[in-house]
Amino acid sequence: MGKVLSVAEAVNALLDGQILGLPTETVYGLGADATNESAVAQVFKAKNRPRFDPLIVHVPTLAAVRDIAELSEAAEQLFLAFSPGPLTVVLPKKNTIPDLVTSGHSTVAVRIPAHPVMLEVLHSSGLYIAAPSANPFGFASPTTAQHVLDQLGNLISGVVDGGPCSVGIESTIVDMSSGVPKVLRLGGMALEQLERVLGPIATQLSSSNPNAPGMLTSHYNPGIPVQLFENREALLAALQLVDADTIGILYWGETITHGTGFNLSERRSDTEAATNLFKGLRVLGNTQVAQIFAHLLPENGLGRAVNDRLQRAANK
Ligand code: TXA
Ligand code: MG
């Protein structure tokens, strides 16, 4: 229990119906054979995740996507343009995938991940792998194997260590199950990139959207209150009015020397900030500070997804 597994050990464990941590380029997943209902049930249980919140199915190829979902022309274009990569596509489901995985919905969320270790597990097992992020429900997603062991170690067979996740934030979810594409979750694939293929695209990120029940307004809980500011200047002004020693600061740009800081990206890169975001929330959450001050990023590229996660982390 709770140990680091080789790819061969992971493949055997999955074929045996066990659940384990697996690296992807976005965040670590808690994987199970998607066609094995008792394995999938263990995933919901280990995460303490409500059964109404469906799981993403990870597959290695476009042929495998076709095996589990109805692939429209437009959806195929999306996969050809962006997969493998940090993109999940919601499609009408086929019967290959049990209803437990999709919480009874007539659609399935499918992703071809880009991490070489995850692809190796998919190819050599021949399985389709259902995997939510490998964190207890409501907490920040893990971006290292150690995070997985820290949070779920005694509930799973182990974790395959694929190094720190390069993207660091979950996949962007696009619903292609009806005629009109809709973004259900902002994530590691920038909206601007999707729009180059799909044209202007609607977003439906509301917490109350029954089609993406995982998108609760309160999520990514670091264990202490998070206060959000519009930008770095507003954060610095607020810092003047409090005892800075009690504050953890999540920011980007030149080093801030008050309080306990975590710099998401000194060079103000939205992709670097995304990579570091969950680590920053964890690091500051594990210090003695009483609360976290964080500032929003400009609303473009992956800045949108970072802001979305910060807003959810700040909501109690
Ligand atoms: O990057 C990622 O997507 C990571 C890695 C491990 O692949 N996975 C991940 O899974 O973030 P999870 O379970 O934490 O988030 C999946 C989201 C949930 O918000 C869920 O509600 C939504 O996907 N989802 C799953 N199936 C869906 C469906 N059929 N229709 C709409 N939303 C769906
Ligand atoms: Mg999650």
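Owing to the predicted nature of the structure, the values given are computational and were not obtained by experimental measurement.

1. Description of the layout of surface pockets
Consideration 1: If you add up the space inside the second largest pocket, you get close to 220 Å³.
Consideration 2: For the second largest pocket, the full set of lining residues is F139, A140, H147, D150, Q151, Y220, N221, P222, L281, R282, G285 and N286.
Consideration 3: Its residues placed into classes, the lining of the second largest pocket shows five nonpolar, five polar and two charged.
Consideration 4: Each of domain 1 (3–203) and domain 2 (226–314) contributes no fewer than three residues to the lining of the second largest pocket.

2. Considerations on the domain arrangement of the chain
Consideration 1: By domain assignment, the chain separates into domain 1 (3–203) and domain 2 (226–314).
Consideration 2: Placing the centre of domain 1 and that of domain 2 at their C-alpha centroids yields a distance of 28 Å.
Consideration 3: Contact with domain 1, which involves 21 residues of that partner, is made by 14 residues of domain 2.
Consideration 4: Roughly 1300 Å² of surface becomes buried between domain 1 and domain 2 when both sides are summed, with 57% attributable to carbon and sulfur atoms.
Consideration 5: On the domain 1 side of the contact with domain 2, I169, L186 and E192 bury the most area, a combined 36% of that side's loss.
Consideration 6: At the boundary of domain 1 and domain 2, one finds two salt bridges.
Consideration 7: E170 is the salt-bridge partner of R309, the closest N and O atoms lying 2.9 Å from each other.
Consideration 8: For the pair domain 1 and domain 2, the interface holds ten residue pairs in polar contact (both at pLDDT 80 or more).
Consideration 9: Going through the elements one at a time, α6 (145–152) and α7 (191–198) are the ones with two or more residues in the side of domain 1 that touches domain 2.
Consideration 10: A class-by-class count of the residues in the side of domain 1 that touches domain 2 yields ten nonpolar, eight polar and three charged.

3. A look at unusual backbone geometry
Leave glycine aside and you will find that most residues have negative phi; peptide bonds, for their part, are mostly trans.
Consideration 1: Here the amide bond leading from S83 into P84 is cis, since omega sits at -5°, within 30 degrees of zero.
Consideration 2: Structurally, the position occupied by P84 is in the loop between α4 (73–82) and β5 (87–92).
Consideration 3: Within the chain, N48 stands out as a residue other than glycine whose phi angle is a positive 60°.
Consideration 4: Looking at the secondary structure, you find N48 in the loop between α2 (37–47) and β4 (56–58).

4. Brief notes about the packing of aromatic side chains
Consideration 1: Within the structure shown, the criterion is met by two aromatic pairs.
Consideration 2: An angle of 20° between the planes, with centres 5.2 Å apart, marks the rings of Y220 and F278 as stacked. One end of the pair, Y220, is in the loop between β11 (202–203) and β12 (226–229); the other, F278, is in helix α9 (residues 270–285), with 58 residues separating them in the sequence.

5. Here we look at the pairing of β5
Consideration 1: Where burial is concerned, most of β5 is hidden: five out of the six residues are buried.
Consideration 2: Here β5 pairs with strand β9 (residues 172–175) via four bridges, running parallel. The residue of β9 that forms the bridge with L87 is T172.
Consideration 3: As paired strands, β5 and strand β6 (residues 107–111) are joined by five bridges and run antiparallel to one another. Residue pairing across strands places V89 opposite V110, the latter belonging to β6.

The rules behind these values
- Residues numbered from 1 in each chain as written.
- Chains lettered and ligands numbered in written order.
- Predicted model: local features only at pLDDT ≥ 70, side-chain atom pairs only at ≥ 80, totals over all residues.
- Heavy atoms only, no water.
- 1 Å grid on protein atoms, 1.4 Å probe; cavity = no way out; pocket = protein on both sides within 12 Å on 5 of 7 lines; lining within 4 Å.
- Points joined across faces, edges and corners; volume = space filled by probe spheres on them.
- Nonpolar A, V, L, I, M, F, W, Y, C, P; charged D, E, K, R; others polar.
- Domains from an automatic or database assignment.
- Contact = heavy atoms within 4.5 Å.
- Buried area = accessible area lost by both parts, 1.4 Å probe.
- Salt bridge = Lys/Arg side-chain N within 4 Å of Asp/Glu carboxyl O.
- Polar contact = N/O pair within 3.5 Å; in protein donor to acceptor, adjacent residues only side chain to side chain.
- Helix = DSSP H or I, 4+ residues; strand = E, 2+ residues; numbered from the N terminus.
- Phe/Tyr/Trp six-rings, centres within 6.5 Å; stacked < 30°, edge-to-face > 60°.
- Buried < 20%, exposed > 50% of the residue type's maximum accessible area, 1.4 Å probe, protein only.
- Pairing = 2+ DSSP bridges.

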